Amino acid sequence: MSENLPLPRRDHFPILTERHLKLIDPDEPLARAYFRRGPYPANWNAFRFYGPVHARFDHHPPPAGPHPRRGIMYGAPHDQATLHTCLLELFQKTRRVNRHRHDPHFTVFRTKRSLFLLDLNSSWITSARGNSAIFSGNHDLARRWSREIYLHYRGQNAVYLNQEGERQVRSLDGLLYQSSLRPLHPCLALYERARDAIPKTPLLDIPLADSSLDRPMESLSEVGLELAGPF
């Protein structure tokens, strides 16, 4: 039987230590897939300030609508398997990849500074009295956890203890978590606090219809996706 995710309680949230955190350095490329058109059109470097929608870690308060002070960007650390992971997240509702509808793109970039992320794969989730259902369970509950994490770890609470036990202050840039559709593959949700880390230009930004992606598209079935389209 799968676990039920309880409601988050900030009084259960522990003081952060280095074992709870993941630092992503500027030399580690990140990737994301996104739509340039459709209900929520974006650019490669855009945070979404409309929400919450269906995504797991949207930290916008309800009801759904524009929230100019809260933006979210989803992605993943880039490696040879990242394209499939990003496509699983982008097309998770239908599992059908249309390379043309809503002009989907794939982008790779390096940040201008290190990202300071709460690692939900760490012991933090146990200390906070949550569980692995935050990755795979009810999205509404996961969004509530994201909102509480975002609100809690700021100001005086944006403190962590380093290996020497010294107190350091650093607001969280977002969350590191594992894909519910592709376990053990990391994903990330960046809060708008990370906007100053996004570069002016990406390493790569191409449409899914680009011929350079033909070969990886041929192996979509290996991750439970199928090719749809062309429109």
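Residues numbered from 1 in each chain as written. Predicted model: local features only at pLDDT ≥ 70, side-chain atom pairs only at ≥ 80, totals over all residues. Heavy atoms only, no water.

A. Region of interest: the packing of aromatic side chains. Evaluated as defined, the whole model comprises 10 aromatic pairs. Relative to Phe91, the ring of Phe35 lies with its centre 5.6 Å away and its plane at 85 degrees, an arrangement referred to as edge-to-face. One end of the pair, Phe35, is in strand β3 (residues 30–35); the other, Phe91, is in the loop between α1 (82–90) and β7 (96–98), and 56 residues separate them in sequence. Judged by centre distance (5.0 Å) and plane angle (75 degrees), the rings of Tyr150 and Tyr191 are edge-to-face. Of this pair, Tyr150 sits in helix α4 (residues 139–152) while Tyr191 sits in strand β13 (residues 186–191); the two residues are 41 residues apart in sequence, bridging distant segments of the chain. (Phe/Tyr/Trp six-rings, centres within 6.5 Å; stacked < 30°, edge-to-face > 60°. Helix = DSSP H or I, 4+ residues; strand = E, 2+ residues; numbered from the N terminus.)

B. Geometry of the nonpolar core. Ranked by size, the top nonpolar core spans 30 residues in total, and within it Phe57, Leu120, Trp124, Ile134 and Ile149 carry the most contacts. Among the elements of the structure, β6 (72–77), β9 (115–119), α2 (124–127), α3 (133–136), α4, β12 (174–178) and β13 are those that each provide at least two residues to this core. Residues Ala31, Phe91, Val108 and Leu225 belong to the second largest nonpolar core, which totals 18 residues. (Core = buried A, V, L, I, M, F, W, Y, C linked by side-chain atoms within 4.5 Å. Buried < 20%, exposed > 50% of the residue type's maximum accessible area, 1.4 Å probe, protein only.)

C. Looking closely at the environment of His12. Summarising the element assignment, His12 is placed in the segment before β1 (16–17). Relative accessible area serves as the criterion here: at 17%, His12 is assigned to the buried category. In this structure, His12 is in contact with Ser127, Ala128 and Arg129, ignoring residues within four places of it in sequence. Of note is the side chain of His12, whose polar atom sits 3.1 Å from the side chain of Arg129. (Contact = heavy atoms within 4.5 Å. Polar contact = N/O pair within 3.5 Å; in protein donor to acceptor, adjacent residues only side chain to side chain.)

D. Up close: the pairing of β6. With respect to burial, β6 is a largely interior element, five of its six residues being buried. Bridge analysis of β3 against β6 gives two bridges, and the strand direction is antiparallel. Across the sheet, Ala31 pairs through a bridge with Ala76, a residue of β6. Of the pairings in the sheet, the one linking β6 to β13 comprises four bridges and is antiparallel in character. Counted as the bridge partner of Ile72 is Tyr191 from β13. (Pairing = 2+ DSSP bridges.)

E. Region of interest: α4. Spanning 14 residues, α4 covers 20 Å between terminal C-alpha atoms, matching the ideal 20 Å at 1.5 Å per step. Those residues of α4 not exposed but buried are Ala142, Arg143, Trp145, Ser146, Arg147, Ile149, Tyr150, Leu151 and His152. Of the surrounding elements, those touching the buried residues of α4 are β9, α2, α3, β12 and β13. Where α4 starts, the residue carrying a side-chain oxygen 2.8 Å from the main-chain nitrogen of Asp140 turns out to be Asn138. (Expected span 1.5 Å × (residues − 1).)

F. Local environment of the environment of Arg56. As for its placement among the helices and strands, Arg56 is situated in the loop between β4 (50–51) and β5 (65–66). When the C-alpha positions of Arg56 and Asp140 are compared, they lie 7.3 Å apart, and in sequence the two are 84 residues distant. Contacts of Arg56, omitting those with residues within four sequence positions, involve Tyr74, Ala133, Ile134, Phe135, Ser136, Gly137, Asn138, His139, Ala142, Arg143 and Ser180. Within the local environment of Arg56, its side chain forms a polar contact with the backbone oxygen of Ile134, the two atoms lying 3.2 Å apart. A distance of 3.0 Å separates polar atoms of two side chains, one belonging to Arg56 and the other to His139.

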